[in-house]
Amino acid sequence: MRIAIINLTSGGISGGYLKYLSEVLPRIDKNEKVNAVMCAVPKNIELSINFNAFKKINIVYCKLYNPIINFSDKKLLKDLDKFNPDIIYIPVEKKFVYKNIPIVNMLQNMEPFVKKNKFNSLKTRLKLN
């Protein structure tokens, strides 16, 4: 399987978002069902993630997301054409359409994918498991 992860953000990547990516990407990289991953991030965002440590994940750069105009990043679309993904994952709630490739948008909070927080109530910890 070939997965494209497209980070459609206008530059306000929070610490939580970066933590989420740093937790999820190693898991995807180790998954035997995944052959390759294209991770697209805006150029001006500094990621504290060492992409060189991954075997299957390649980073490409895209434009900042602009909610006022329709999203059209010709370079990103060319990168997608070249990569030819089986599925596209958008870790934020932004609309994106590409050919007839299935799109997965993350709509819920990212907490279930990060390390367990001992400060959560028992009810919350059980819910996240």
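The following paragraphs examine the structure supplied in this document. (Residues numbered from 1 in each chain as written. Predicted model: local features only at pLDDT ≥ 70, side-chain atom pairs only at ≥ 80, totals over all residues. Heavy atoms only, no water.)

### Considerations on the sheet that holds strand 5 (residues 103-105)
Operational definition: Two strands make a pair as long as DSSP finds a minimum of two bridges between them. Strands are runs of DSSP state E lasting at least 2 residues, helices are runs of H or I lasting at least 4, and numbering of each runs from the N terminus. Every axis corresponds to a line fitted to the C-alpha atoms, with the helix fit spanning only the stretch in contact, and the corresponding angles, defined between N-to-C directions, vary from 0 to 180 degrees. Contacts were defined at the residue level, with two residues in contact if any of their heavy atoms lie within 4.5 Å.
Strand order in the open sheet formed by five strands is 3-2-1-4-5, and the pairing between neighbours is parallel. Each end of this open sheet is capped by a strand with a single partner; those strands are strand 3 (57-62) and strand 5. For this sheet, the mean inter-axis angle between neighbouring strands, taken without regard to orientation, is 20°. Here strand 1 (residues 2-6) runs beside strand 2 (residues 36-42); their pairing, made up of five bridges, is parallel. Counterpart to alanine 4 in the pairing with strand 2 is methionine 38. Where helix 2 (residues 74-83) meets the sheet, it contacts strand 1, strand 2, strand 3 and strand 4 (87-90), and its direction lies at approximately 175° from that of strand 2.

### Observations concerning helix 2
Note the cut-off: Partly exposed describes any residue whose relative accessible area lies between the buried limit of under 20% and the exposed limit of over 50%, with all areas from a 1.4 Å probe on protein chains only and scaled to the type maximum. Of all possible arcs, the one meant is that of the directions from the helix axis to the C-beta atoms. N or O atoms closer than or at 3.5 Å make up a polar contact, with two conditions inside protein: a donor-capable atom paired with an acceptor-capable one, and, for residues adjacent in sequence, both atoms drawn from side chains.
Within the sequence span of helix 2, burial applies to Leu76, Asp79, Leu80 and Phe83. Each buried residue of helix 2 lies within a common arc of 100° when the element is viewed along its axis, so the set occupies one face. Exposed side of helix 2, more than 90 degrees from the buried face: Lys74, Lys78 and Lys82 are the residues found there. On the buried face of helix 2, the contacting elements are strand 1, strand 2, strand 3 and strand 4. A side-chain oxygen of the first residue of helix 2 lies 3.3 Å from the backbone nitrogen of lysine 75; this N-cap is aspartate 73.

### Considering a positive patch on the surface
Cut-off, in case you're wondering: The residues that make up patches have over 30% relative accessible area and no salt bridge, and they are joined within 9 Å when like-charged or within 5 Å when they are Val, Leu, Ile, Met, Phe, Trp or Tyr. The Shrake-Rupley method, run with a 1.4 Å probe sphere, supplies the accessible areas, and residue values consider only the shown protein chains as cover. Here, a salt bridge means any Lys or Arg side-chain nitrogen found within 4 Å of an Asp or Glu carboxyl oxygen. Positive charges come from Lys and Arg, negative ones from Asp and Glu, while His and the chain ends are left out of the count. The location of each charge is read from NZ of Lys, CZ of Arg, CG of Asp or CD of Glu.
A contiguous patch of positive charge on the surface is contributed by Lys43, Lys63, Lys74 and Lys78. Tracing the chain through its elements places lysine 78 in helix 2.

### Some words on the nonpolar core
Condition: Put simply, buried Ala, Val, Leu, Ile, Met, Phe, Trp, Tyr and Cys residues joined by side-chain atoms within 4.5 Å make one nonpolar core.
Ranked by size, the top nonpolar core spans 36 residues in total, and within it Ile5, Ile6, Leu25, Leu76, Leu80, Ile88 and Phe96 carry the most contacts. Elements with a contribution of two residues or more to this core: strand 1, helix 1 (15-30), strand 2, strand 3, helix 2 and strand 4.

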